[in-house]
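Listed below, chain by chain, are the residues.
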Amino acid sequence: MQQQGKSSGSEMEVTWEDQQNINTFSRFNNRFHELEDEIKFAKEKCDNLEDAGNELILADEEMVRFQIGEVFAHVPKDEVETRIEEMKEATCKTLEKLEQEKESLVSQMAELKKVLYAKFKDSINLEED
Amino acid sequence: MSSSSSPSGSGADLSERRGIPAAKFIQDVETYLSQSGFDSNSALAFHQERLQQYKVVEMKLLAQQRDLQAKIPDIEKCLEVVATLEARKGTGESLLADFEVSEGIYSRACIEDTDSVCLWLGANVMLEYSCEEATTLLKNNLENAKASLEVLVADLQFLRDQVTVTQVTIARIYNYDVHQRRVKQVTTPTAIAAADS
């Protein structure tokens, strides 16, 4: 008698469309991990700027040493305050954009997972190891 | 070998990209093996080797990407400094700055109102530029670096796609081989049983 069961999917056909789906999922997964790192970095920067702003309020010197490039320039307190506000705004906007991209990526990946698991069931593993 | 990529592919029909050969997608393992004359083991070996080659290229591209990603913030910092100097130009007041002489040791510099800056171009070469020229040059470098990074990222994505295709191909050939062996195992005892009876 011939073996007829789908023993560990060794007879599963893989079409070009399936391959493209797998490729796309791989791309999304890579981009997801990159985004996580970028978000961590942006969050840290936001926190640092927040702390810097708070320190500034407590400081009573007129001249603050503000890092521009590789040197610390003596800048009046008000200018520093403005700069930090600008930097905080820019960083927070970037953080928001990154979070949005991550969310859309997660939902797209969930979609693809559904499609791929439907076709391949046990023969494919799309989970994080 | 017949081309097996469908015309509806999303730009993935390139046979190679910047020296990286594309991995041909196999529609049917059995046809591929009979057409190419490979048996399972040599096909597996061939694709494994391809995978290794792809990995080597991936390492190289990742290193280049890291370099570029470090370069871009550097250029942005330089632009910031030049912008600050330019902003001070009209006021006539000098800029006091603390800079690092060595680790943990800083010194104070008094930067007079000036029209020109010196830019380090690499290879032990430093040139003096006016503030505007410096800004233009740095902006150009920044644009080029960002464009190179974009191309590099696209290359990496293409490469990773080829790696995925190759890995899936290896899995399919292996599964096909396992399947063939199983079929042979089942039919051979049956033939012996039939011969015995």
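Rules and cut-offs
- Residues numbered from 1 in each chain as written.
- Chains lettered and ligands numbered in written order.
- Predicted model: local features only at pLDDT ≥ 70, side-chain atom pairs only at ≥ 80, totals over all residues.
- Heavy atoms only, no water.
- Helix = DSSP H or I, 4+ residues; strand = E, 2+ residues; numbered from the N terminus.
- Rg over C-alpha atoms; globule rule 2.2 N^0.38 Å.
- Buried < 20%, exposed > 50% of the residue type's maximum accessible area, 1.4 Å probe, protein only.
- Contact = heavy atoms within 4.5 Å.
- Patch = residues over 30% accessible without salt bridge, like charges linked within 9 Å, V, L, I, M, F, W, Y side chains within 5 Å.
- Areas by Shrake-Rupley, 256 points an atom, 1.4 Å probe, with all protein chains shown as cover.
- Salt bridge = Lys/Arg side-chain N within 4 Å of Asp/Glu carboxyl O.
- Lys, Arg positive; Asp, Glu negative; His and termini not counted.
- Charge placed at Lys NZ, Arg CZ, Asp CG, Glu CD.
- Buried area = accessible area lost by both parts, 1.4 Å probe.
- Polar contact = N/O pair within 3.5 Å; in protein donor to acceptor, adjacent residues only side chain to side chain.
- pLDDT = per-residue confidence, 0-100.
- UniProt positions renumbered as here; feature names shortened; annotations may be inferred.
- Pairing = 2+ DSSP bridges.
- Axes fitted to C-alpha atoms, helices over the stretch in contact; angles between N-to-C directions.
- Arc of directions from axis to C-beta.
- Phe/Tyr/Trp six-rings, centres within 6.5 Å; stacked < 30°, edge-to-face > 60°.

Participant: Requested: an account of the overall build of chain A, with residues and values cited.
Facilitator: A count of helices and strands for chain A gives 2 helices and 2 strands. Its helices and strands taken in sequence order, chain A reads α-β-β-α from the N to the C terminus. Scaling as 2.2 N^0.38, a compact globule of 129 residues should have a C-alpha radius of gyration of about 14 Å, whereas chain A reaches 25 Å, well beyond that. Here chain A holds 129 residues, and 33% of them are scored as buried. Counting only contacts in chain A whose residues sit at least 6 apart along the sequence, the fraction spanning at least 24 positions is 63%.

Participant: Talk me through the overall build of chain B; I want residue IDs and the actual numbers.
Facilitator: Each helix and strand counted, chain B has 3 helices and 6 strands in total. In chain B, the order of α-helices and β-strands from amino to carboxyl end is β-β-α-α-β-β-β-β-α. The C-alpha radius of gyration computed for chain B amounts to 30 Å, which surpasses the reference 16 Å derived for 197 residues by more than 25%, pointing to a less compact arrangement than a globule. Referenced to the eigenvectors of the C-alpha coordinate spread, the extents of chain B come out at roughly 110 × 40 × 25 Å. Every one of the 197 residues in chain B was classed for burial, and the buried ones make up 31%.

Participant: Requested: an account of a negative patch on the surface, with residues and values cited.
Facilitator: All names here are of chain A. Together, Glu 44, Asp 47, Asp 51 and Glu 55 make up a negatively charged patch on the protein surface. Inspection of the secondary structure assignment puts Glu 44 in helix H1 (residues 16-58). Overall, the relative accessible area of 46% leaves Glu 44 in the partly exposed class.

Participant: Tell me about the interface of chain A and chain B, residues and numbers included.
Facilitator: Listed per partner, the contact involves 29 residues of chain A and 32 residues of chain B. Carbon and sulfur atoms make up 50% of the surface buried where chain A meets chain B, a total of about 2800 Å² over both sides. On inspection of chain A and its partner chain B, the count reaches 3 salt bridges. The salt bridge partner of Arg65(A) is Asp98(B), with a shortest N-O separation of 3.3 Å. Taken together, chain A and chain B are joined by 7 residue pairs in polar contact (both at pLDDT 80 or more). Taken together, the elements giving at least two residues each to the side of chain A that touches chain B come down to H1, strand E1 (63-68), strand E2 (71-76) and helix H2 (77-120) of chain A. With 9 residues, the top contributor of residues to the side of chain A that touches chain B is H1(A).

Participant: Residue-level account of the confidence of the model for chain A, with values.
Facilitator: Atomic detail in the predicted coordinates should be set aside for any region of low pLDDT. Averaged over all residues, the pLDDT of chain A is 87; the fraction at 70 or higher stands at 91%. Long-range and interchain partners of residues 1-10 of chain A, a stretch whose pLDDT sits below 50, account for 12 contacts in this model, where long-range means more than four residues apart.

Participant: Explain the UniProt feature "coiled-coil region" (unreviewed entry) in chain A to me, using residue names and the numbers behind them.
Facilitator: Residue and element names in this part refer to chain A. Look at the UniProt record and you will see "coiled-coil region" (unreviewed entry) annotated at residues 25-52 and 81-115. Along residues 25-52, the helical share is 100% and the strand share 0%, with 40 Å between the first and last C-alpha atoms. End-to-end, the C-alpha atoms of residues 81-115 are 51 Å apart, and along that stretch the chain is 100% helix and 0% strand.

Participant: If you had to explain the sheet that holds E1(A) to someone new, which residues and values would you point to?
Facilitator: Reading across from one edge, E1(A)-E2(A)-E3(B)-E4(B) is the order of the 4 strands in this open sheet, with antiparallel pairing throughout. Bordering the open sheet on either side are E1 of chain A together with strand E4 (105-111) of chain B, each of which pairs with just one other strand. The sheet shows a mean angle of 30° between the axes of neighbouring strands, direction not considered. One ladder, built from 6 bridges, connects E1(A) with E2(A); its direction is antiparallel. By the bridge assignment for E2(A), Met63(A) is matched with Pro76(A).

Participant: Before we move on, could you go through the pairing of E4(B) and cite the residues and values that matter?
Facilitator: Relative to E4(B), strand E3 (residues 95-102) of chain B is paired through 7 bridges, and the arrangement is antiparallel. Across the sheet, Ala97(B) pairs through a bridge with Ala109(B), a residue of E4(B).

Participant: How would you sum up unusual backbone geometry? Please name residues and give values.
Facilitator: A positive phi angle is found at Lys121(A), which is not glycine, with a value near 45°. Tracing the backbone through its elements, the reader meets Lys121(A) in the segment after H2. Of the residues examined, Lys121(A) reaches a relative accessible area of 54% and is grouped as exposed. A positive phi is found at Ala123(B), a non-glycine position, where the angle reads about 55°. Inspection of the secondary structure assignment puts Ala123(B) in the loop between strand E5 (116-122) and strand E6 (125-130).

Participant: An account of helix H1 (residues 29-36) of chain B is needed here, citing residue identities and associated values.
Facilitator: Residue pairs three or four apart in sequence face the same way in an α-helix, which turns once every 3.6 residues. All names here are of chain B. All of the buried residues along H1 are Val 29, Tyr 32 and Leu 33. Along H1, the residues classed as buried sweep out an arc of 95° about the axis, all on the same side. Summarising the geometry of H1, the exposed residues directed more than 90 degrees from the buried face are Ser 34 and Gln 35. The positive-phi residue at the C-terminal boundary of H1 is Gly 37, with phi of around 80°.

Participant: Account for the packing of aromatic side chains, with residues named and values stated.
Facilitator: Aromatic ring pairs are reported here in terms of the distance separating the ring centres and the angle at which the planes meet. Summed over all chains, the structure comprises 3 aromatic pairs over all chains. Residues Phe72(A) and Tyr106(B) carry aromatic rings whose centres are separated by 6.0 Å and whose planes lie at 70° to one another, so their mutual orientation is edge-to-face. Placement of Phe72(A) in strand E2 and of Tyr106(B) in strand E4 is noted, with the two residues assigned to different chains. According to the relative accessible area criterion, Tyr106(B) is partly exposed, its value standing at 44%.

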